[in-house]
Every structure is written in structure tokens, then in C-alpha cells.
Amino acid sequence: MSAGLPLVRTELAAVGGAVLDKRVVLVTGASGGLGRECALACARAGAVVVLAGRKVRALEAVYDEIEAIGAATAAIYPINLEGATPDDYATLADAIRLQCGRLDGIVHTAAHFDGLRPLEQTKPLDWMRTLHVDLTAAFLLTQACMPLLGEREDSSVILIDDDAARIGKAYWGAYGVAKAGLAAYASILAHECEDGPVRVHGVLPAPMRTGLRRMAYFGEDTMTRDTPQATARAIVFLLGREAAALRGKTLDLRPESARH
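Keep in mind the model is a prediction, meaning the values are calculated, not measured.

Peer 1: Go over the overall build of the protein chain with me, naming the residues and quoting the values.
Peer 2: Within the protein chain, the secondary structure is distributed over 8 helices and 8 strands. Scored against the burial criterion, the 260 residues of the protein chain give a buried share of 47%. Long-range contacts, defined here as pairs at least 24 residues apart, represent 77% of the contacts in the protein chain between residues at least 6 apart. Summing over all exposed atoms, the protein chain offers an accessible surface of approximately 12,500 Å²; the carbon and sulfur share of this is 53%.

Set out below in C-alpha cells:
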């Protein structure tokens, strides 16, 4: 994506042990396919995970999974990104400061996608909903949390990219536009943060077994796709100090066959 962060491919070392020991990580869309795997992977790596999302029961299920890990700790913060205001995000940041005392990373996995359709058939409210959840919410939440992130010696913001050659084509509608905007936002934010403690990273996953993919490729047997676990492990790496060399880059996790 030309307007986004430079793509890089690298062999990641196996992530093990408490590489995120005591770090506080906020995961949006934490009950979704990638969000859940990311939250669990962060917890296994020793992080305190703040689970943000709109479905309380689903968040509670992820919370229970994290508690079962043992030493891991989690907190639930219900929030509907579709209707959240700047004040709501400020309240979330205040709650993290009060309850956790710090914030070391944000992982923006939340995404809204309601299927493929021509632009002329896209309802205005659906267009606005998608742009708000997939783009504007990432800006508002990151902005509200920047003071907390800036207080750490090393912190990170992780944004999930998508294949520009795929979603820039017909019928991807508001989702494609939002992802293009998110890539541009990531690039601008990375340049503005290049000399500070906050690192900005992108992740371009390989095709994953998620609900979003099932909606886009309803004729595909999604069970043939990998689970989001590999992407979650890569995100854990990017949240840790060892990822400093990838600052301002998008980690391309696609296999060679998926990049053509």
C-alpha cells in the first residue's frame, strides 16, 4: 500500500516466556477472531490485557480463558466503537490509568465489514458506520491514549493492514476505503512519532480463518485457512522491545503465493 508503512518480511524468532512481563496492552475487538487470539497470546507472554469490545458476554468468555492461563491478568472494558465519542475514549484512558497505572501498547483488531456490494447499493448509514469503526475509532482511541503511551520508555501502536491489491477492487466499498485511510494514518502517525517512545507498526496477515473472511469469501472452505494464531504471535513480538528495528514498518505475514 503506497500510502502506508513500508512492507517488510522477516523471520521472527519463536516468542516464548514473559516477553511482555507486566506490560499493559489494550486490545480492541477482543472477542473477535484475531482479537481473541491476540489477547490470549499477550496474556501468555505475561501482559495485563485490557479487553475492549461491545459484546460483554463474549468478552467475559475471553476473560475466563485468560484467567485459566494462571498468572495472567485481564480487565474488561465494554465500549461500542460505532457510537463512542471522544469523551468516551478519554474516559477509557482515564480508567486504564486508574486501574492499571500504565499503558504499553494498543492493538487495533476491531473491524466492521458487512459484505461485498456495489457502491451505489451501499446505504449511507452503513458507509458511515464502517468508516467510523474501521478508521475514525482507531484515531480517536489512539489520540486519547497517547499521553499514557508517551509516559513509557517504550510503547507501541499496532494497526492491522489488508491487501491493497485485493480490497481496492470492486465491491469492497467502505471497508476498502477505511483500510486505505488506516494505512495513510499509520504512515503519518509513524513519522510524527519517529523520535519518541511510541513505536507504530502495521501487520498484514496471511488469509485467516475468521468471520470477516467468511463474509467476503462465502464460497470458500475457511477451514483450509490457518487460524489467527500466527498473526497473534507476530503482534506479541511487535509489542516487545525486540521489535524496535521494525519501527514504522508493516510486517507482511502473507505467504509468497498470496502476494500475487
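Still more ground to cover, so stick around.
Peer 1: Could you give me a rundown of the pattern of salt bridges, with the residues and numbers involved?
Peer 2: Tallied over the full model, the rule gives 15 salt bridges. Across the pair aspartate 252 and arginine 9 runs a salt bridge, and its minimum N-O distance is 3.9 Å. Taken together, the residues span a long stretch of sequence, with aspartate 252 in strand β8 (residues 250-252) and arginine 9 in the loop between β1 (7-8) and β2 (24-28) at a distance of 243 residues. Owing to a relative accessible area of 5%, aspartate 252 belongs among the buried residues under this scheme. A salt bridge links aspartate 162 to arginine 166; the nearest nitrogen and oxygen atoms lie 2.4 Å apart. Residue classification places arginine 166 among the partly exposed positions, given a relative accessible area of 23%.

Peer 1: I'd like to hear about the packing of helix α1 (residues 33-44) against helix α8 (residues 229-239), residue by residue, with values.
Peer 2: For the pair α1 and α8, interaxial distance at closest approach is 8 Å and the crossing angle is 50 degrees. The angle between the axes of α1 and α8 places the two elements in the oblique class. In this structure, the crossing between α1 and α8 has a hand that is right-handed. Residues Leu34, Glu37, Cys38, Ala41 and Cys42 of α1 lie in contact with α8, whose contacting residues are Gln229, Thr231, Ala232, Ile235, Val236 and Leu239. Class assignment of the residues belonging to the contact of α1 with α8 gives a composition of 8 nonpolar, 2 polar and 1 charged.

Peer 1: Could you give an account of the packing of aromatic side chains, with specific residues and numbers?
Peer 2: On inspection of all chains with the given rule, the structure shows 4 aromatic pairs. Considering the side-chain rings of phenylalanine 139 and tyrosine 185, the 6.3 Å spacing of their centres and the 90 degrees angle between planes classify their relative orientation as edge-to-face. With a gap of 46 residues between them, phenylalanine 139 in helix α4 (residues 124-150) and tyrosine 185 in helix α6 (residues 173-192) connect regions that are remote in the sequence. Phenylalanine 139 gets classed as partly exposed once you look at its relative accessible area, which sits at 35%. What links up through ring pairs into an aromatic cluster is the set Phe113, Trp172 and Tyr175.

Peer 1: Kindly report on the packing of α4 against α6, identifying the contributing residues and their values.
Peer 2: The geometry of α4 relative to α6 is characterised by a closest axis approach of 8 Å and an angle of 15 degrees between their N-to-C directions. Taken together, the axes of α4 and α6 lie roughly parallel to each other. Crossing of α4 against α6: the hand is right-handed. Seen from α4, the contacting residues are Trp127, Thr130, Leu131, Asp134, Leu135, Ala138, Phe139 and Thr142; seen from α6, they are Gly173, Ala174, Tyr175, Val177, Ala178, Gly181, Leu182, Tyr185 and Leu189. Residue composition of the contact of α4 with α6, grouped by class: 12 nonpolar, 4 polar and 1 charged.

What counts, and at which threshold
Residues numbered from 1 in each chain as written. Predicted model: local features only at pLDDT ≥ 70, side-chain atom pairs only at ≥ 80, totals over all residues. Heavy atoms only, no water. Helix = DSSP H or I, 4+ residues; strand = E, 2+ residues; numbered from the N terminus. Buried < 20%, exposed > 50% of the residue type's maximum accessible area, 1.4 Å probe, protein only. Contact = heavy atoms within 4.5 Å. Areas by Shrake-Rupley, 256 points an atom, 1.4 Å probe, with all protein chains shown as cover. Salt bridge = Lys/Arg side-chain N within 4 Å of Asp/Glu carboxyl O. Axes fitted to C-alpha atoms, helices over the stretch in contact; angles between N-to-C directions. Parallel < 35°, antiparallel > 145°, perpendicular 65-115°, else oblique. Left-handed = near helix turned anticlockwise from the far one by under 90°. Nonpolar A, V, L, I, M, F, W, Y, C, P; charged D, E, K, R; others polar. Phe/Tyr/Trp six-rings, centres within 6.5 Å; stacked < 30°, edge-to-face > 60°.

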